[in-house]
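Okay, here's what each chain looks like letter by letter:
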Amino acid sequence: MTENNLNENNFFFFYYNIEEKKYYFYNENTYFTAASTIKVPVAMLYYDKVNEGELSLSETLLYNSDDYEAGDGTTAADYSIGERIPVSYLLERAIVNSDNTALNILLHSIGYKKCKEELTKYSDVEITEEFYSSNVANASYYYDVLQYLYQNADKYSELIEYMKISSGGEYLKANLPQYEVAHKYGSYDGYVHDYGIIYGQNTYLIGVFTKDIANASDLKADIGEQVVDCAETEELEEVNETENTINSVDTTETNTVDT
């Protein structure tokens, strides 16, 4: 934190080792601009509606003129304003390509405030009024979202697969090519975030959220790598200590010769 000039004004973080139940939180209750990190709980909301029979993935939503927003993704290239777009397409584009237009169609179809009200069901943290009117959140909220996602993975299997192939190997994934990482990044106006599930020897929930950090992408890659390496090196050391203890036990045998 000293090396990167991180403090409570520009850094928000959580880490949880699910199997070992070891965790660390920093500045987790401070609200920040959430950027595209909101796309995961919005997608969860739609998968809930599909699982509950309220709609189907093949159902289509109207693409209105005020849904368009510049950024990554293909919605604006593949469809024209006034056309209807399958929910399945919108969910995939919103997560895999972080398509802002796809997200806006999903949000506006439910209604922004109503959607934000429904998103509170994924967390037990106290929600401020600003959450309902603006795209803000805190690390505690996103920790709860990941917990819910992980604990109900069977309901969100497609979403998790989309998260695994998002971002082209950047951010938390960058230094962990040997592991599967289901994550979602977000970037807007100096805020750069990434959070997700790392499937290593253990399973890790990690969220790294920053504001006005010049090397934000590299920082997230380094933190993801260091957290996992530290945890799994510690686990290996514990195993080795156990083996050394076993090997140090006197196993001298007395041979009995039949006469």
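As shown above, the structure is provided for reference.
Definitions and cut-offs
- Residues numbered from 1 in each chain as written.
- Predicted model: local features only at pLDDT ≥ 70, side-chain atom pairs only at ≥ 80, totals over all residues.
- Heavy atoms only, no water.
- Core = buried A, V, L, I, M, F, W, Y, C linked by side-chain atoms within 4.5 Å.
- Buried < 20%, exposed > 50% of the residue type's maximum accessible area, 1.4 Å probe, protein only.
- Contact = heavy atoms within 4.5 Å.
- Helix = DSSP H or I, 4+ residues; strand = E, 2+ residues; numbered from the N terminus.
- Pairing = 2+ DSSP bridges.
- Axes fitted to C-alpha atoms, helices over the stretch in contact; angles between N-to-C directions.
- Phe/Tyr/Trp six-rings, centres within 6.5 Å; stacked < 30°, edge-to-face > 60°.
- Lys NZ or Arg CZ within 6 Å of the ring centre and 35° of its normal.
- Salt bridge = Lys/Arg side-chain N within 4 Å of Asp/Glu carboxyl O.
- Left-handed = near helix turned anticlockwise from the far one by under 90°.
- Nonpolar A, V, L, I, M, F, W, Y, C, P; charged D, E, K, R; others polar.

Novice: Describe in detail the nonpolar core, supporting the description with residues and values.
Specialist: In this structure, Tyr142 and Leu159 are the most contacted members of the largest nonpolar core, which totals 57 residues. In this structure, Tyr142 is in contact with Phe14, Phe32, Ala34, Thr37, Ile38, Pro41, Ala137, Tyr195 and Phe209, ignoring residues within four places of it in sequence. In this structure, Tyr171, Val208, Ile213 and Ile223 belong to the second largest nonpolar core, which totals 23 residues.

Novice: How would you explain unusual backbone geometry if you had to name every residue and give the values?
Specialist: Backbone geometry places Ser98, a non-glycine residue, at a positive phi of 50°. In this fold, Ser98 is placed in the loop between helix H3 (87–96) and helix H4 (100–110). Unlike most non-glycine residues, Asp212 shows phi in positive territory, near 55°. In this fold, Asp212 is placed in the loop between strand S9 (203–211) and helix H9 (216–248).

Novice: I'd like to hear about the sheet that holds strand S1 (residues 11–17), residue by residue, with values.
Specialist: Read across the sheet, five strands follow the order S2-S1-S9-S8-S7 without closing on themselves; strand pairing throughout is antiparallel. Unpaired on one side and paired on the other, strand S2 (22–26) and strand S7 (180–188) mark the two borders of the sheet. Pairwise comparison of adjacent strand axes, ignoring direction, gives a mean angle of 5° for this sheet. Looking at chain direction, S7 and strand S8 (residues 191–199) are connected through nine bridges and run antiparallel. Residue pairing for S8: Glu180 is matched across the bridge by Tyr199. Strands S7 and S8 of the sheet are contacted by helix H8 (residues 157–164), whose axis makes an angle of about 70° with S7.

Novice: An account of the packing of aromatic side chains is requested, with residue identities and associated values reported.
Specialist: The description of two aromatic rings rests on the distance between their centres and on the angle between their planes. Taken as a whole, this structure holds 22 aromatic pairs when the rule is applied. With 5.1 Å between their ring centres and 75° between their planes, Tyr79 and Tyr89 make a pair best called edge-to-face. Here Tyr79 is found in the loop between helix H2 (75–78) and strand S5 (84–86), whereas its partner Tyr89 is found in helix H3, with 10 residues between them in sequence. Tyr89 gets classed as buried once you look at its relative accessible area, which sits at 15%. Measuring from centroid to centroid gives 6.1 Å for Tyr195 and Phe209, while their planes differ by 40°, and the two rings are tilted. Linking Tyr195 in strand S8 with Phe209 in strand S9, this pair joins segments that are 14 residues apart in sequence. The buried category is assigned to Tyr195, whose relative accessible area is 0%. On the basis of relative accessibility, which here comes to 0%, the residue Phe209 falls in the buried class. Positioned above the aromatic ring of Phe131, the side-chain terminus of Lys116 is 4.2 Å from the ring centre.

Novice: Describe the pattern of salt bridges, listing the residues and the values that go with them.
Specialist: For the structure on display, the rule yields eight salt bridges. When the shortest N-O distance is used, the salt bridge between Lys164 and Glu161 registers 3.2 Å. Remark: Glu161 and Lys164 occur in helix H8; sequence separation between them is three residues, near one turn of the helix. Assessed through its relative accessible area of 43%, Glu161 is described here as partly exposed. Look at the salt bridges and you will find they share partners, linking Lys49, Glu54, Lys114 and Glu118 into a network.

Novice: Which residues make up the packing of H3 against H8, and what are the values?
Specialist: At a closest axis distance of 8 Å, the pairing of H3 and H8 adopts a crossing angle of 35°. Here H3 and H8 pass one another in a crossing that is right-handed. Here Leu91, Glu92, Ile95 and Val96 of H3 lie close against H8, whose contacting residues are Leu159, Tyr162 and Met163. Split by residue class, the contact of H3 with H8 holds six nonpolar, no polar and one charged.

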